[in-house]
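Inside the fold
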Amino acid sequence: MYCLNIVRDMVSNDGLTKPRSDIAKILRRDMIQSISVPILNGKKEKFLFSWSRVSDVLNWLHEGDKLIINYPTDMGVLFDQILVRRLRRLNIKLITLIHDIDALRFEQPFYKGISYETRLLNYSDAIISPNKVMSEKLVNSGVKSNIVNLNLFDYLTDVDVAEKRVFFSKKVSFAGNLNKSEFIFDLLHKKTEYSFYGPIKKENKTLMKSYQGSYDSNVLIRKIDNGFGLIWDGESAEFIDATNISSGSYLLYNNPYKLSFYIAAGIPVIIWRDAAAAQFVENNSIGLLVSSLDEVDLVLEKLGSSEYEQMQKNVRGIQKKVVKGYYTLRAVRLAEKSFMK
């Protein structure tokens, strides 16, 4: 079995590259070999070099082999279409591990909508979907391939999290790309103390009191050692508009990588009640569900230390799995079984 690893030009702190690189590392540990090819940047590169990049991948493979790809590949429509069609022609089994469905989070041109993604995904022999809600959406959109659920992205770290101490507090941390998280400005005058971590434009100086900096993930896991991690998106802290395609409404379907980070850091979370990942949080009793961030002050005011400590204990149980690649390996084995029947 092989895994396609698209090599990107830069490493960022906002979760763009780490999920994919972690998966490659996890699979290598399980003796699954990586096929690394450089990313194609811009329309010209994608037009000129898609055929050769696909050939570079296929040079590693033989009939009957199995290939795992991270989806979307970010290599462009031409590369994707050539790759999946040639894999099928060569009788190479394809496992597609979904990170995002762009048609559900961005307004797309008609030729790249959900019907396009559905057709592309149907070339897969098995699909690893982020969660049950996303799987149902894909099936209702016309996906016919076998689907298994990931449930949670793994999160590798160099930090010995088993030795890390986490303390009870009612502080809330938010880690991510702050430049696209407009709702954070609504939180500056709340009773709850918020801390923000991640890339931010210099002109946003109004955040300086709450802004804690942008750090490598290993450093950040050490720094965040108390309170809760926040999972929210969109323009408003008051509500998330679920009627329009946006980064906020996308929480209805995706597995936020923030959830994996907070679990790796050992802290419970606060998450939008209607998010797909809220089911995982509630079922495992690892956080609080809210319909609006306006509720956070009151919810935390009622929270006692014993309730927090129980949630944090539950987080610890999942943390042991998420930092070792448990969810990825489990899903890959289930995906392989699904087409070996």
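Report on the accompanying structure. (Residues numbered from 1 in each chain as written. Predicted model: local features only at pLDDT ≥ 70, side-chain atom pairs only at ≥ 80, totals over all residues. Heavy atoms only, no water.)

Further remarks concern empty space enclosed by the protein. Going through the model one piece at a time under the given rule, you end up with two cavities of 30 Å³ or more. In this structure, the largest cavity encloses a volume near 70 Å³. Every residue lining the largest cavity is listed: I69, Y71, T73, D80, L83, V84, L94, T96, L120, L121 and S124. Elements that contribute at least two residues to the lining of the largest cavity include exactly β3 (66-71), α3 (77-89), β4 (93-98) and α5 (114-121). The element contributing the most residues to the lining of the largest cavity is α3, with three residues. In terms of residue class, the lining of the largest cavity is made up of seven nonpolar, three polar and one charged. (1 Å grid on protein atoms, 1.4 Å probe; cavity = no way out; pocket = protein on both sides within 12 Å on 5 of 7 lines; lining within 4 Å. Points joined across faces, edges and corners; volume = space filled by probe spheres on them. Helix = DSSP H or I, 4+ residues; strand = E, 2+ residues; numbered from the N terminus. Nonpolar A, V, L, I, M, F, W, Y, C, P; charged D, E, K, R; others polar.)

So, about the sheet that holds strand β7 (residues 167-175). Ordered in space as β9-β8-β7-β10-β11-β12, the six strands form an open sheet in which the pairing is parallel. What marks the edges here is a single partner per strand, and that holds for β9 (211-213) and β12 (287-290). Direction aside, the axes of adjacent strands within the sheet are offset by 30° on average. Both β7 and strand β8 (residues 194-197) contribute to a ladder of four bridges, which runs parallel. By the bridge assignment, S173 is partnered in β8 with S195. (Pairing = 2+ DSSP bridges. Axes fitted to C-alpha atoms, helices over the stretch in contact; angles between N-to-C directions.)

Relative to the helices and strands, K93 is located in strand β4. Its relative accessible area of 28% is what places K93 among the partly exposed residues. On a C-alpha basis, the gap between K93 and F339 in space is 8.8 Å, while along the polypeptide they are 246 residues apart. Once you skip the residues sitting within four places of it in the chain, K93 turns out to touch D65, K66, L67, D125 and F339. (Buried < 20%, exposed > 50% of the residue type's maximum accessible area, 1.4 Å probe, protein only. Contact = heavy atoms within 4.5 Å.)

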